[in-house]
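Close look at the chain arrangement
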2 protein chains.
Amino acid sequence: MIAARYIGNKGFDLVQAEESAPKAGEVKLAVGYVGICGTDMHIYHGVMDARVNPPQTIGHEMSGTVTEIGEGVNGFAIGDRVVVRPLDWCGECPTCESGNTHICQNLKFMGIDTPGAFQSNWTVKARTLHKLPANVDLKQGALIEPLSVACHDVSRSRLQAGEKVVVLGGGPIGQLVAAVAKSVGAEVLVSEPNESRRAFAEKLGVKSVNPIEEDLAAYVEEWTGTKGADVVFEVSGVKPAIDAMTQVAGRRARIVMVAIHSQAPEIDLFQFFWKELELLGARVYEAADYDWAIELIASGKVDIEQFISSVTPLNSIGDAFASMDNNPQGMKALVACNVEG
Amino acid sequence: MIAARYIGNKGFDLVQAEESAPKAGEVKLAVGYVGICGTDMHIYHGVMDARVNPPQTIGHEMSGTVTEIGEGVNGFAIGDRVVVRPLDWCGECPTCESGNTHICQNLKFMGIDTPGAFQSNWTVKARTLHKLPANVDLKQGALIEPLSVACHDVSRSRLQAGEKVVVLGGGPIGQLVAAVAKSVGAEVLVSEPNESRRAFAEKLGVKSVNPIEEDLAAYVEEWTGTKGADVVFEVSGVKPAIDAMTQVAGRRARIVMVAIHSQAPEIDLFQFFWKELELLGARVYEAADYDWAIELIASGKVDIEQFISSVTPLNSIGDAFASMDNNPQGMKALVACNVEG
């Protein structure tokens, strides 16, 4: 089989890799499509080399078909179309014991900490699998992982129909959060400086605003009749959004921290006191978020097709990454890992 | 009647004030005891002169006895012993309409934004009153306001029996939070550099640690068996505690922001993502917090007597304030506003 390996400094090689039978509890998949995540782009830029340890096969937003089943695996058959929830939890730490396996104290993220999906076959633990319904194809399936991130973010926010939501940042995850929030029945505003991303939000059927040209806080105050937003999602990772999040939030608003801020920014804690704000960290997803994401696509409540910007064969994986580099228009680039996929 | 007025620069005067009958919806009280709050100390130091507008009668932690009842007031009789929940809300803004009158968008805090309780009589709206049970005396009653702050903080944290709690800061509110958390059945650790305050915590029956001399994060990790604290209360208002709060918090921990940070400190947002932390702002109290505080004292679940450091007559109010200035040993100084109180 063919495996693409990230070799450092924006480079990939393609190697002929050995195929091995799945061990007990494992399932072997023919990989269908693999999306390129923002984290994959960080790896591509070399900033995660210490963690990834190249040469390494990365990739974790995937769909595939079951081709071989290890001992003791029940509930799956050859030919089943599935997606992988790429988390490898220990099952033994206090956090796993409390049921929060997705934030396991020894969590390994598959495709970063262990080999990933940019290859023709991927062998994984059966406990990571979710089945695709008949009306969700493998291309759509590759979007379930990022859509589950958005479902988890919205789930953390306890969003209710009729509430007003501000999404700070209109990249792929911000737009998916907007789409999920809209599907819940919320009114959504995406704050995003880039024109093509604002146009994408409008196509989704949500409002958008350019925070560089307009006074976002004043805009939200008028939009909400002085009340402020009920829920804010910080998806941008930039400091002006950290300032905006406490300004646009109404009393008792929930702010979900979706972006990963590796620097510790200054935060207006006085507003947390004054308005009794709530800040909720959100990381990856739980099994229920995958189920929700699959249902949103299967039911048509989220039109996921419009998020697919391009499909590139595995042997041109470098082109797929290059096409996403500094490309705010691109939402989701897929890599096709098997001709038959 | 006699009213003490803050006149600026750590000064008070005593004036003979006119008594007026309560208007419709109002009740006139003979003031029993009034506690000195941290906010009163800020006023005393002159940092809130713009808001307080001296000469002004301040004070809001009080107990008293009903002496006159205005038109249309039901449920109160002359001689009833009561405490005031010193919030004046508008009842018309979106926040009041949603039921959160305590964070009303036009909230006036009685004793800061309007005249307060350091006088022999105080006329207030009847809607601010809570009755004292027979076994709670007026001295204890004056502690209900700060105890309600602690009840609100604990209520915001959704604390459960058996959970492990770190309180950062062992001043009066930190100790009251520790006492309420203990009454819920939590295990409590107070982090406090001052020796006498640590001794006070130990007397309450909770653990204490000196974060200057010990590695607090390592201490909590061992105490919780790597899990980290379930709930953290930041009551200190200092930057090292802002750093500590994200370190000692376990996965999915709730951090309640009790202290008022007027500067915007740098916060380790990465930990919010990694551990799915929750930050909850808390401001004043709701009616239910007052009911809870009264029940905690009446039932003996919180021994409030030990929080009373001194009782000073109104005509020596300046001495009471001076005794609390830079005095970490002092917990709560009361001012007796009527000889018969």
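Residues numbered from 1 in each chain as written. Chains lettered and ligands numbered in written order. Predicted model: local features only at pLDDT ≥ 70, side-chain atom pairs only at ≥ 80, totals over all residues. Heavy atoms only, no water.

Attention now moves to the environment of Arg156 of chain B. Structurally, Arg156 of chain B can be placed in helix H5 (residues 144-157). The class of Arg156 of chain B is buried, set by a relative accessible area of 11%. Separated by 128 residues in sequence, Arg156 of chain B and Lys28 of chain B place their C-alpha atoms 33 Å apart. In contact with Arg156 of chain B, not counting residues within four places along its chain, are Arg252, Glu276 and Leu277 of chain A together with Leu280, Gly281 and Ala282 of chain B. A polar atom in the side chain of Arg156 of chain B sits 3.1 Å from the backbone oxygen of Glu276 of chain A. (Helix = DSSP H or I, 4+ residues; strand = E, 2+ residues; numbered from the N terminus. Buried < 20%, exposed > 50% of the residue type's maximum accessible area, 1.4 Å probe, protein only. Contact = heavy atoms within 4.5 Å. Polar contact = N/O pair within 3.5 Å; in protein donor to acceptor, adjacent residues only side chain to side chain.)

Now for the domain arrangement of chain A. All names here are of chain A. Parsing chain A into structural domains produces domain 1 (2-131 + 303-336) and domain 2 (148-281). On the side of domain 2, 12 residues touch domain 1, which itself brings 8 residues to the contact. Across the domain 1 to domain 2 interface the summed buried area is about 860 Å²; carbon plus sulfur atoms make up 72%. By the criterion of area lost to domain 2, the three top residues of domain 1 are Gln306, Phe307 and Met331, representing 61% of everything that side buries. Here domain 1 is connected to domain 2 by 0 salt bridges. Residue composition of the side of domain 1 that touches domain 2, by class: 4 nonpolar, 4 polar and no charged. (Domains from an automatic or database assignment. Buried area = accessible area lost by both parts, 1.4 Å probe. Salt bridge = Lys/Arg side-chain N within 4 Å of Asp/Glu carboxyl O. Nonpolar A, V, L, I, M, F, W, Y, C, P; charged D, E, K, R; others polar.)

Under the definition given, this model contains 32 salt bridges over all chains. With its nearest N and O atoms 3.2 Å apart, the salt bridge here joins Arg252 of chain A to Glu286 of chain B. You can see Arg252 of chain A sitting in strand S14 (residues 249-257) and its partner Glu286 of chain B sitting in the loop between strand S15 (278-281) and helix H11 (287-298), one on each of two chains. The partly exposed category is assigned to Arg252 of chain A, whose relative accessible area is 22%. Among the charged side chains, a salt-bridge network with shared partners connects Glu19, Lys28 and Glu68 of chain A.

Let us now look at the interface of chain B and chain A. On the chain A side, the residues contacting the 38 residues of chain B number 38 residues. Counting each side, the surface lost to burial between chain B and chain A is near 3700 Å², with a carbon and sulfur contribution of 58%. Between the two partners, chain B and chain A, sit 2 salt bridges. The tally of links between chain B and chain A comes to 23 residue pairs in polar contact (both at pLDDT 80 or more).

The next subject is the packing of aromatic side chains. Remark: the centre distance and the inter-plane angle together describe each pair of aromatic rings, the angle taken between the planes. A full pass over the atoms with the stated rule returns 20 aromatic pairs over all chains. Aromatic pair Tyr285 of chain A and Tyr290 of chain A: ring centres 5.2 Å apart, planes at 75 degrees, arrangement edge-to-face. Like Tyr290 of chain A, Tyr285 of chain A is buried. Plain terms: the ring middles of Tyr6 of chain B and Phe12 of chain B are 6.0 Å apart, the flat faces sit at 65 degrees to each other, and that makes the pair edge-to-face. Seen from the ring of Trp274 of chain A, Arg283 of chain B lies directly overhead, with NZ or CZ sitting 3.6 Å from the centre. (Phe/Tyr/Trp six-rings, centres within 6.5 Å; stacked < 30°, edge-to-face > 60°. Lys NZ or Arg CZ within 6 Å of the ring centre and 35° of its normal.)

Structural alignment of chain B on chain A gives an RMSD of 0.0 Å, achieved by rotating through 180 degrees and translating 0.0 Å along the axis. Taken together, the rotation angle and the small translation identify this as a two-fold axis. The position closest to the rotation axis in chain B is occupied by the C-alpha of Glu266 of chain B, lying 2.0 Å away. With an isologous cut-off of 70% or more, the 100% of interface residues of chain B that recur at the interface of chain A puts this contact in the isologous class. (Least-squares fit on C-alpha atoms with pLDDT ≥ 70 in both.)

All chains considered together, the criterion is met by 0 disulfides over all chains. Summary of cysteine pairing: Cys93 of chain A is not part of a disulfide, and the nearest cysteine sulfur, belonging to Cys96 of chain A, is at 3.8 Å. (Disulfide = S-S within 2.5 Å.)

On to the pairing of strand S13 (residues 229-234) of chain B. Residue and element names in this part refer to chain B. For S13, the buried fraction is high: 6 of the 6 residues fall into the buried class. Pairing geometry for strand S10 (residues 164-168) and S13, over 4 bridges, is parallel. Within S13, the residue paired with Val166 across the bridge is Val232. By the bridge criterion, 5 bridges tie S13 to strand S14 (residues 249-257) in an arrangement that is parallel. Bridging across to S14, Phe233 finds its partner in Val256. As for the winding sense of the linkage, the β-α-β connection from S13 through helix H9 (residues 239-248) to S14 is right-handed. (Pairing = 2+ DSSP bridges. Right-handed = clockwise from strand over helix to strand, strands pointing away.)

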